[in-house]
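Listed below, chain by chain, are the residues.
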Amino acid sequence: MSLKVEDILKKDQFSKEDLVTLLSANKEDCQLIFEKGKNVKAEFVGRKVYFRGLIEYSNYCSKNCFYCGIRAGNSRYARYQMPDEEVLEAARFALDNNFASIVIQSGERSDSKFVSTIEKLLKDIQQLSQGKLHVTLSLGEQSEETYLRWFEAGAHRYLLRIEVSNPDLYKKLHPNDHHHDYNERLNALHLLNKTGFQVGTGVMIGLPFQTLSDLADDLIFFRNLDIDMAGMGPYIEHEDTPLFQYRHELLPLRERFTLSLKMVAVLRIIMKDINIAATTAMQTIDPQGREKALLVGANVIMPNLTPVKYRQSYLLYENKPCLDEEAEECKSCLETRIFLAGDKIGYGEWGDSKHFKARHKE
Ligand code: 5AD
Ligand code: SF4
Ligand code: FES
């Protein structure tokens, strides 16, 4: 017989069965999980939120993931790449506003021009901020050499979502070719770790064909990989993508949201000192989605610094928030939201993953 939620939460280690029980908890038991996530956060990383200014650098992408709005096969969006000056301007905004950290994200490209443009930008950002800005990259799968070049040019952290940790499910959500190979992606995560990055990964929650057993395995995957950071959010359908045809088989949005909150809380409970993002996709379903994620365990938020003129063209999924709000507005909006959630903002602090530091002390 499986244990009750209340009893599972008293244990130090959760089995796969325990994780499935937690993820299927009813409304009442959910509150116990959320409460525990909140307490573990307060005890191990503090009630502090770190800002990472998000720069959606380019929507050119060479890939065709079945779920994503900016996949190469979608001709609806005008493709853009921010000129260097605009990236540096956004970095300057982050610096002036004491964010201490930015994320550069884009569709995936690995041509040599792209690799050297990023390398140059990283050096310019280091120079502009005199080493004060920490930079996270979220630029997909690259060669070991590229990772090393970018690391040496000044990037500190790298986010590469595994998207789903089940290889068979991965195959169903991506074209069956060498550009979309599960083992390559997994290997990229190992290379990033070897290069010396703080490594973050994550999954989408509520995808077609995905089960609670898959999500429990995702949590075990994070634990086994000993990740430093996580970013997870609900899957949200996009009409220009192949997966849209399965929209009638999805969990209702509300349930996808609650399941995402549960994933955040349980991950906080099992990996106490990592950084966990309250992702923008959470806010797409619930206007207070990001605050709710902070209340159950998340401790990182990414205010959008992308110039508004590009935002309509970076729609990975539908109903993305903040399409008309410039950096200044997103900043003050989030300040209010975080204040209402009862957390403090770690202005001027890098907010490095405590887990990473602990790993490197050994
Ligand atoms: N719904 C939610 N998240 C998505 N992403 C891509 N498409 C979607 C979608 N339809 C996420 C992926 C990717 C990140 C940049 O955006 O997890 O890694
Ligand atoms: Fe490209 Fe990333 Fe979208 Fe896949 S998820 S199509 S790699 S931007
Ligand atoms: Fe962008 Fe609220 S976070 S407007």
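This one's a predicted model, so the numbers in the text were calculated from it and none came from an experiment.

Caption draft 1: Just a negative patch on the surface, in detail. A surface patch of negative charge is lined by Asp324, Glu325, Glu326, Glu328 and Glu329. In this structure, Glu328 sits in helix H14 (residues 327-341). Given the relative accessible area of 43%, Glu328 is considered partly exposed.

Caption draft 2: Structural view of the site of ligand 1. The immediate surroundings of ligand 1 are formed by Tyr67, Cys68, Gln105, Arg161, Glu163, Met204, Pro234, Tyr235, Ile236, Leu316 and Tyr317. In the model, a nitrogen atom of ligand 1 is placed 2.9 Å from a nitrogen or oxygen of the Tyr67 main chain. Ile236 places a polar main-chain atom, nitrogen or oxygen, 2.7 Å from a nitrogen atom of ligand 1. Grouping the constituent residues of the shell around ligand 1 by class yields eight nonpolar, one polar and two charged.

Caption draft 3: Region of the structure containing the pairing of strand S8 (residues 229-234). Burial within S8 is extensive, with six of its six residues counted as buried. Pairing analysis gives two bridges linking strand S7 (residues 204-205) to S8, with the strands arranged parallel. Looking at S8, one finds that Ile205 is bridged to Pro234. For the crossover that starts at S7, traverses helix H9 (residues 212-225) and ends in the parallel S8, the hand is right-handed. In the classification by handedness, the crossover that spans S8, the intervening helix H10 (residues 253-270) and the parallel strand S9 (residues 275-278) is right-handed.

Rules behind the numbers
Residues numbered from 1 in each chain as written. Chains lettered and ligands numbered in written order. Predicted model: local features only at pLDDT ≥ 70, side-chain atom pairs only at ≥ 80, totals over all residues. Heavy atoms only, no water. Patch = residues over 30% accessible without salt bridge, like charges linked within 9 Å, V, L, I, M, F, W, Y side chains within 5 Å. Areas by Shrake-Rupley, 256 points an atom, 1.4 Å probe, with all protein chains shown as cover. Salt bridge = Lys/Arg side-chain N within 4 Å of Asp/Glu carboxyl O. Lys, Arg positive; Asp, Glu negative; His and termini not counted. Charge placed at Lys NZ, Arg CZ, Asp CG, Glu CD. Helix = DSSP H or I, 4+ residues; strand = E, 2+ residues; numbered from the N terminus. Buried < 20%, exposed > 50% of the residue type's maximum accessible area, 1.4 Å probe, protein only. Near = heavy atom within 4 Å. Polar contact = N/O pair within 3.5 Å; in protein donor to acceptor, adjacent residues only side chain to side chain. Nonpolar A, V, L, I, M, F, W, Y, C, P; charged D, E, K, R; others polar. Pairing = 2+ DSSP bridges. Right-handed = clockwise from strand over helix to strand, strands pointing away.

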